[in-house]
Amino acid sequence: ILKSTEACKNDNFMVIDAMAGIGSFVIPLMKQCREGINFTIIANDWNQNAVQDLKTNLLLNQIDQKDLEIHCQDGFALISQKLEKIDKSQNIQNVYLIFGGTPGETEHILKDNLVSYVKTCFEKQIILHVFVTGRNSRKMGRLMNELSRENGYRKLAVKGMNFCSYYMKFEI
């Protein structure tokens, strides 16, 4: 994710890792983000044990948590809540969504929610970046292509990053 974005070099962005687990993406991202820029990183997992392990890993890695929110709830509901609460005063220009999750479960839930996320970002003039990782990424990549075509959203970028990652960027 760090290699594929310029998120940590730009100001005014939000990252939501909906299924953060123990922090495999959140910890490296927090280490790369520069002091003095406006960003928010939200880590979530429905599993309380994973959230506790994430907190432990943040301490072990000496990560400053002032720009980090940690939640233990349904990731898709959390994304909807956070996108709805973004207002112009925050001046957020890019939102990065990260999805891992269980193959077979994540894709049908994401299909039900992705159109809503894109519409919300489009209305708020925010560029939406979607990363799908793990064993379900190829299937999700096809699904994301299909969804954007049937709903008329312009994709700025769609690419398979490697065998287990997929990225899509929706333009305003």
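Up top is the structure these notes are about.
Quick caveat: nothing in here was measured; it's all calculated off a predicted structure. (Residues numbered from 1 in each chain as written. Predicted model: local features only at pLDDT ≥ 70, side-chain atom pairs only at ≥ 80, totals over all residues. Heavy atoms only, no water.)

Q: A description of the overall build of the chain should follow, citing residues and the corresponding values.
A: When helices and strands are tallied, the chain shows 5 helices and 7 strands. Secondary structure elements in the chain, listed N-terminal to C-terminal, are β-α-β-α-β-α-β-α-β-α-β-β. Counting all 172 residues of the chain, 47% fall into the buried class. Within the chain, residue pairs in contact and separated by at least 24 positions form 73% of the contacts whose partners lie at least 6 positions apart. A total of about 9000 Å² of accessible surface is found on the chain, and carbon and sulfur atoms cover 47% of it. (Helix = DSSP H or I, 4+ residues; strand = E, 2+ residues; numbered from the N terminus. Buried < 20%, exposed > 50% of the residue type's maximum accessible area, 1.4 Å probe, protein only. Contact = heavy atoms within 4.5 Å. Areas by Shrake-Rupley, 256 points an atom, 1.4 Å probe, with all protein chains shown as cover.)

Q: An account of the pairing of strand β2 (residues 39-44) is requested, with residue identities and associated values reported.
A: Among the 6 residues that make up β2, 5 are buried, leaving the element largely enclosed by the rest of the structure. Both strand β1 (residues 13-17) and β2 contribute to a ladder of 5 bridges, which runs parallel. If you follow Ile-16 over to β2, its bridge partner there is Ile-42. For the handedness criterion, the β-α-β arrangement of β2, helix α2 (residues 48-60) and strand β3 (residues 68-71) is classed as right-handed. (Pairing = 2+ DSSP bridges. Right-handed = clockwise from strand over helix to strand, strands pointing away.)

Q: So what's going on with the side chain of Lys-82? Which residues, and what values?
A: Mapping Lys-82 onto the fold places it in helix α3 (residues 75-85). Setting aside anything within four residues of it in sequence, one finds Lys-82 in contact with Met-14, Ile-16, Ile-42, Glu-69 and His-71.

Q: Describe in detail α2, supporting the description with residues and values.
A: If you check α2, its first and last C-alpha atoms are 18 Å apart, about what 13 residues at 1.5 Å a residue would give, namely 18 Å. Residues of α2 that are buried: Ala-50, Val-51, Leu-54 and Leu-58. Viewed end-on, α2 has its buried residues packed into an arc of 100 degrees, placing them on one side of the element. More than 90 degrees from the buried face of α2, the exposed residues found are Asn-49, Leu-59 and Leu-60. Buried-residue contacts for α2 involve α1 (26-32), β2 and β3. (Expected span 1.5 Å × (residues − 1). Arc of directions from axis to C-beta.)

Q: Which residues make up the pattern of salt bridges, and what values go with them?
A: Overall, the coordinates contain 2 salt bridges when judged by the stated rule. Of the charged contacts, one joins Lys-66 and Asp-67 as a salt bridge, the two residues approaching to 3.0 Å between their closest N and O atoms. You can call Lys-66 exposed: its relative accessible area is 53%. (Salt bridge = Lys/Arg side-chain N within 4 Å of Asp/Glu carboxyl O.)

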